[in-house]
Every structure is written in C-alpha cells, then in structure tokens.
Amino acid sequence: MKHLTTTAIGAVLSLSFVGEALATEWNVSLWGQRRAFTEHVHHLADAVAEATGGEFTMNISYGGLSDNRENLDGISIGAFEMAQFCAGYHRDKNPSITVLELPFLGVSTLEEEVAVSHAVYNHPATQADLGRWNARLLMTSPMPQYNLVGTGEPRDSLAEFEGMRVRATGGIGELMESVGAVPTSVTSSEAYNAMEGGVVDTVAFAQHAHLSFRTIDIADWWTENLNPGTVNCPIVVNTDAYDALPEDHRAALDAAVDGAIQHYLDNYAELLQRWDAVLEERGVERITIPDEELAALAENAAPIHAAWIEQMSSQGLPAQELYDLVQTTLAEHRAGN
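Before going into details, it helps to say that this report is about the structure given with it.

Cut-offs applied
Residues numbered from 1 in each chain as written. Predicted model: local features only at pLDDT ≥ 70, side-chain atom pairs only at ≥ 80, totals over all residues. Heavy atoms only, no water. Disulfide = S-S within 2.5 Å. Helix = DSSP H or I, 4+ residues; strand = E, 2+ residues; numbered from the N terminus. Buried < 20%, exposed > 50% of the residue type's maximum accessible area, 1.4 Å probe, protein only. Pairing = 2+ DSSP bridges. Axes fitted to C-alpha atoms, helices over the stretch in contact; angles between N-to-C directions. Core = buried A, V, L, I, M, F, W, Y, C linked by side-chain atoms within 4.5 Å. Contact = heavy atoms within 4.5 Å.

### Quick notes on the state of the cysteines
Part 1 of the argument: Scanning all chains against the criterion turns up one disulfide.
Part 2 of the argument: Here C86 connects covalently by a disulfide to C233, the sulfurs 2.0 Å from one another. Where C86 bonds to C233 through sulfur, the torsion about that S-S bond is close to 100 degrees, and the disulfide is right-handed. In this pair, C86 is assigned in the loop between β3 (82-84) and α4 (110-121) and C233 in the loop between β9 (221-223) and β10 (235-238), connecting sequence segments 147 residues apart.
Part 3 of the argument: Here C233 falls in the buried class, since its relative accessible area comes to 0%.

Written out as structure tokens, the structure is:
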C-alpha cells in the first residue's frame, strides 16, 4: 500500500510538472498608459489566451519593465518577450524601418499604413536588420498622419515656422528643420512637460497621443491638414522566445495578428469620430494650412527622401528597393480597394 501511495503521488506530481511545462507566460513592455496606440496588444493577448485555453498568457506592463527608448535593447537580451518601440527613438538601431517615417510618403489611411509597414517588415533586409537585436517583427501600430498642437498665436504659414521649437522625431523632424523650425526628440511621455515648461512651442502627434499625453489640454490651436507624415512603431518579439514556443502556441500567436490589427483600426476609427468634439470641448482653434504652403513643404520632402536612400545605401541596405516597395505596395493596395 505504501508503495502504491508513493507511486500515485509521483504520478500526480509528474502530471503537474507536465502541465507547467505546457504553460507559457510572456512579459510585454509598453509605456504611457493603455490607449488606442496599444489596443491591438491587449486584443492579441486576449485572443492568444482564449485560443490556448489559458495556457499562453501575457503580462502587459506600462513602463514597469523598461524605458520606451530601451525596449529594443530589452528584447535583445531577453529581459522580456514582447515590446513596442518607435523607429525614430533610435534610428541607428533600426535603419531599415525608418523608410516608413519619411515625410510626405503619400500614405493617407491607417489601412494603407498597415499595408506598407507589413510589406517592409517582411523584406529580408528588414528582418536581418532587426535580427541584430534578436527581434522578430510581429505587427505594426498604425498611426494617422501627424499634426501639430501649439501654444500662443497660431502658425499657419511656413514663414511662421521659422524658429518654432517642435517636438518631432524622424522624417517629420527633418522636414520641420528644412523650413527653419527647431525639432527636439523628447519622448511622448515627456512632451506635456516640455510644452508646459516652454521647452517646445508645438508638439507633433497623432490624435490619440495628443489625448493620452494631454498636450491637447494646454493647446491653443491644432493644424488639421498639415499631414507631414507619421512615425512607425512596431511590436516585436524576442526571437529565441518565439522559436521556443510550443507549436500550437506559436500558431495561436501568428493567427491572432490580423484580428488584433482589425480591432486597432476599428477602435481608432471611433476615436477619430470623437476628435471634433474634443477640440470643441477644450476650446482648441482649428488651423488650416493653405494649399500653396503645403505644396512648398512637400517640395522639401524630396531631398530628404534622396538623402535617406543615399545614406542607407552607404550602410549596405537595399534602400532604393525598400523605398520602391513602399510605393508599389501603396499602389497595389489602392488598386485592390
């Protein structure tokens, strides 16, 4: 009897260890607070947990695991399994995807942003580029074209941009600099304090970020049609962690991406519908930049594009190929809709 009892206990413990081995728990590093920009991550986590019967779960942390500028570094050393970052935070670490941050690329909808982002993500050169950080690109965080909120007198001409201190990263920052503005790349979390303290006069964000980081609360005006470009912020996973997943867990993760993106798009559409009411509630003046001013600004984008291609080609990237991929994907997406 004693032998049988011991055997039975051993069997139960064995089953318990097997059960634990089947469980997967990932840590996910985000920043700020839950908002439209991160909704797809939450949807992904819910979908994966449901598809695996709760065996694959994700612990989503807002700033508790890493600073937003260090998320890619954290992924590289396996400090956490999934993270979000923006290319403009460290352009030298992810040069391939900075093509998506060039100003006036011609992308006009979130669906188009998804299409061009994922096309670039799937390019072998991009995968090799992020592979240096042991990172696997999972999905994008599509954002609409950026616009400025500012304090003081509205600026509705390029001449008034001269000397303007603007929070802008990536290609948008270069474009602003081309007309005499002074860009600074403070993080999104620092933007409110920079604007409140007079470090910057204006902040370039998408609508959700103006809300989440409260820059709209202290703004006097908003440019409703500047639309110079956007930033690219992928969700990446640690390659070793991804490869170590049980086959069914990996399949569940991959299968959840499309639904997560669609949830993001639907949720962001609702936010855009509320935007007019937000401006009215806060007494923010809508500024329309004249067409001739926009045309002049767009002309400044061409040299920035050419300089990007030259610089990235010198670093060994197929820059022209990546740039052309954006344009052909955009054309194909429009032709199919």
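After that view, the rundown keeps rolling.
### Some words on the sheet that holds strand β11 (residues 285-287)
Part 1 of the argument: Strand order in this open sheet of six strands is β7-β6-β8-β5-β9-β11, and the pairing throughout is mixed. The sheet terminates laterally at β7 (182-184) and β11, the two strands that pair on one side only. With direction set aside, neighbouring strand axes in the sheet form an average angle of 25 degrees.
Part 2 of the argument: Pairing analysis gives two bridges linking strand β5 (residues 147-150) to β9, with the strands arranged antiparallel. When the sheet's bridge partners are listed, G150 is paired in β9 with W221.

### Notes on the nonpolar core
Part 1 of the argument: Formed by 104 residues in total, the largest nonpolar core has its most connected members in W26, L44, M58, M82, L138, M176 and L253.
Part 2 of the argument: Take this core: its biggest share by element is twelve residues, from helix α10 (residues 247-282).

### Digging into the environment of Q145
Part 1 of the argument: Residue placement: Q145 occurs in the loop between β4 (135-139) and β5.
Part 2 of the argument: Judged by its relative accessible area of 17%, Q145 is buried.
Part 3 of the argument: Through-space distance from the C-alpha of Q145 to that of A204 is 9.6 Å; in sequence the pair is 59 residues apart.
Part 4 of the argument: What Q145 contacts, discounting residues up to four positions off in sequence, is V107, Q207, N227, P228, G229 and T230.

These values are about where atoms sit, not about what they do.
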